[in-house]
Amino acid sequence: GDEGRRRAGGKVVMSGGVAGADGVGRGASMVEFESLDDAVRGAQGAPNLAFGGSVEVLQELERRG
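Calculation notes
Sequence order as written defines the numbering, with residues in each chain counted from 1. Per-residue local features of the predicted model are confined to residues with pLDDT of at least 70, and side-chain atom pairs are confined, for both listing and counting, to 80 or more; whole-chain, interface and lining totals are unaffected and use all residues. Think of the side-chain values as coming from all heavy atoms in the structure, minus any hydrogens and water. A run of DSSP states H or I qualifies as a helix once it reaches four residues; a run of E qualifies as a strand once it reaches two. Both are numbered from the N-terminal end. Whether a residue is buried, partly exposed or exposed follows from its accessible area with a 1.4 Å probe, protein chains only, as a fraction of its type maximum: under 20%, in between, or over 50%, in that order. For this analysis, residues touch if any pair of their heavy atoms sits within 4.5 Å. Computed with the Shrake-Rupley method and a 1.4 Å probe, the accessible areas treat only the protein chains shown as cover for residues. Buried Ala, Val, Leu, Ile, Met, Phe, Trp, Tyr and Cys residues that are joined via side-chain atoms within 4.5 Å together make up what is termed a nonpolar core. The predictor rates its confidence in each residue with pLDDT, a number between 0 and 100.

Concerning the overall build of the chain
Along its length, the chain carries one helix and three strands. Counting helices and strands in the order they occur from the N terminus, the chain gives β-β-α-β. Residues classed as buried in the chain amount to 15% of the 65 residues present. Long-range contacts, defined as pairs at least 24 residues apart, comprise 64% of the intrachain contacts of the chain with a sequence gap of at least 6. With the model as given, the accessible surface of the chain reaches about 4800 Å², and the carbon-plus-sulfur share is 48%.

Structure representation (structure tokens):
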């Protein structure tokens, strides 16, 4: 589930490149980066990419009070 988090568009990082994400979270680890581009660069170092995996990089929208 999305655990109540609202997400904006993002990217899917794969060994062969980067594509647009559909915004549906399939598991979550929250990591803070300065920008979406920085987060994509960080995801490009994920070890599961070498085995056909992917990493979804989604921007969390500002939480409503």
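Thoughts on the nonpolar core
Counting residues in hydrophobic clusters, the biggest one holds seven residues: Val13, Ala39, Val40, Ala43, Ala46, Leu49 and Val57. Per element, the largest residue contribution to this core is three residues, and it comes from helix α1 (residues 36-43).

A short note on the environment of Glu32
Considering the arrangement of structural elements, one finds Glu32 in the loop between β2 (17-20) and α1. The class for Glu32 is exposed, based on a relative accessible area of 78%. When the C-alpha atoms of Glu32 and Glu60 are compared, they prove to be 9.9 Å apart, with 28 residues separating the residues in sequence.

Observations regarding the confidence of the model for the chain
Scored by pLDDT, the chain comes out at a mean of 78, with 71% of its residues at no less than 70. At the level of individual helices and strands, the chain shows its lowest average pLDDT in strand β1 (residues 7-14), which scores 76, and its highest in α1, which scores 91.

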